[in-house]
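# Observations on chain architecture
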Amino acid sequence: MIAPAFFPLYKFLDNFSMATSTSPTSEPATTTPSGETTKNEQTYPCSCHCGSITFTVTLSPPLAEQTVMECNCSICRRVGYLLVFPPKEAVVFSEDSLPRLSRYQFNTKQIDHLFCGNCGSSLGIDFREFRQKGYGISVRAFNNVDLEGLKYKKGDGKAKLPPYSDLSGVQWALDHPAGENERKEKAM
């Protein structure tokens, strides 16, 4: 179940997701002349800058046929996300990468922003159980992809997602009210 305070994010993303493919009504599978069915998909190797986190993303249709979301909300703007939305099963992290994957939460703390704890590269968003579509993965993490050749759509998260303001630079103060650290130190 989606938390009521978080619902506008899903409504916003679902509206965007309907327009992510240039051929939303076409089937992702095609039939070859020999009668075999093939999927119109491609798997992309991905990583952080230092290579500590490696994973693959399979997109159907392929990235060249997707529309990438460029959102203006505070987190997307700060970390430079350019997002595609593959289902959970289409994102496969190498087993040794998972322990090094760092997560950041803010605002409602119901989704995880994924990044490398070593080099700090922002990789995407894990919507966890709140969004069945799975992940928002930044195409900046895709290896050897020409970002200039992609199609983009602007997302207006700044105006459509509560609290309807830029939380940049204020989350620490919201999570750590004045005097909280002093109370914890005295209790020790």
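Now for a look at the structure at hand. What you see is a predicted model; the values in this text were computed from it and never measured.

Let's shift gears to the packing of aromatic side chains. Centre distance and the angle of the planes are the two values used to describe a pair of aromatic rings. All chains considered together, the criterion is met by five aromatic pairs. The interplanar angle of 40° and the centroid separation of 5.3 Å between the aromatic rings of Tyr44 and Phe142 together place this pair among those described as tilted. Of this pair, Tyr44 sits in strand β3 (residues 42-47) while Phe142 sits in the loop between β11 (135-138) and β12 (151-155), and the two are 98 residues apart along the sequence. This pair shows no difference in class: Tyr44 is buried, exactly as Phe142 is. Centre to centre, the rings of Phe85 and Phe127 are 6.5 Å apart; their planes meet at 35°, and the pair counts as tilted. A residue pair is termed long-range when its members are at least 10 positions apart, and Phe85 in the loop between β6 (83-84) and β7 (91-93) and Phe127 in the loop between β10 (122-126) and β11 qualify at 42 residues. According to the relative accessible area criterion, Phe85 is buried, its value standing at 13%. Members of the aromatic cluster, joined through ring pairs, are Phe55, Phe93 and Tyr135. In this arrangement the basic side chain of Lys88 is found over the ring face of Tyr135, its NZ or CZ atom lying 4.3 Å from the centre.

Here we take up the environment of Ala64. For Ala64, the location among the structural elements is in the loop between β4 (54-59) and β5 (67-71). Between the C-alpha atoms of Ala64 and Leu150, which are 86 residues apart in sequence, the distance is 6.2 Å. Once residues within four sequence positions are removed from consideration, Ala64 is found in contact with Tyr44 and Lys151.

Attention now moves to the side chain of Ser47. Tracing the backbone shows Ser47 in strand β3. Within polar-contact distance, the side chain of Ser47 engages the side chain of Asn143 at 3.1 Å.

In this chain, Ser60 is followed by Pro61 through a cis amide linkage whose omega measures 0°. Counting through the fold element by element, Pro61 comes out in the loop between β4 and β5. You will see that Asn144, though not glycine, has its phi angle at about 55°, which is positive. Take Asn144: its relative accessible area is 83%, and that puts it in the exposed class.

To continue, consider the nonpolar core. With 23 residues, the main nonpolar core has Phe55, Leu63 and Phe142 as its most contacted residues. Sorting the residues of this core by element identifies β3, β4, β7, β9 (112-116) and β11 as the ones contributing at least two each. With three residues, the top contributor of residues to this core is β4. If near-sequence neighbours (up to four positions away) are discounted, Phe55 is found in contact with Tyr44, Pro45, Cys46, Ser47, Val91, Val92, Phe93, Ser94, Leu123, Ile137 and Ala141. Of all hydrophobic cores here, the second largest spans 12 residues; its members include Cys76, Leu83, Phe106 and Ile125.

Conventions we followed
- Residues numbered from 1 in each chain as written.
- Predicted model: local features only at pLDDT ≥ 70, side-chain atom pairs only at ≥ 80, totals over all residues.
- Heavy atoms only, no water.
- Phe/Tyr/Trp six-rings, centres within 6.5 Å; stacked < 30°, edge-to-face > 60°.
- Helix = DSSP H or I, 4+ residues; strand = E, 2+ residues; numbered from the N terminus.
- Buried < 20%, exposed > 50% of the residue type's maximum accessible area, 1.4 Å probe, protein only.
- Lys NZ or Arg CZ within 6 Å of the ring centre and 35° of its normal.
- Contact = heavy atoms within 4.5 Å.
- Polar contact = N/O pair within 3.5 Å; in protein donor to acceptor, adjacent residues only side chain to side chain.
- Core = buried A, V, L, I, M, F, W, Y, C linked by side-chain atoms within 4.5 Å.

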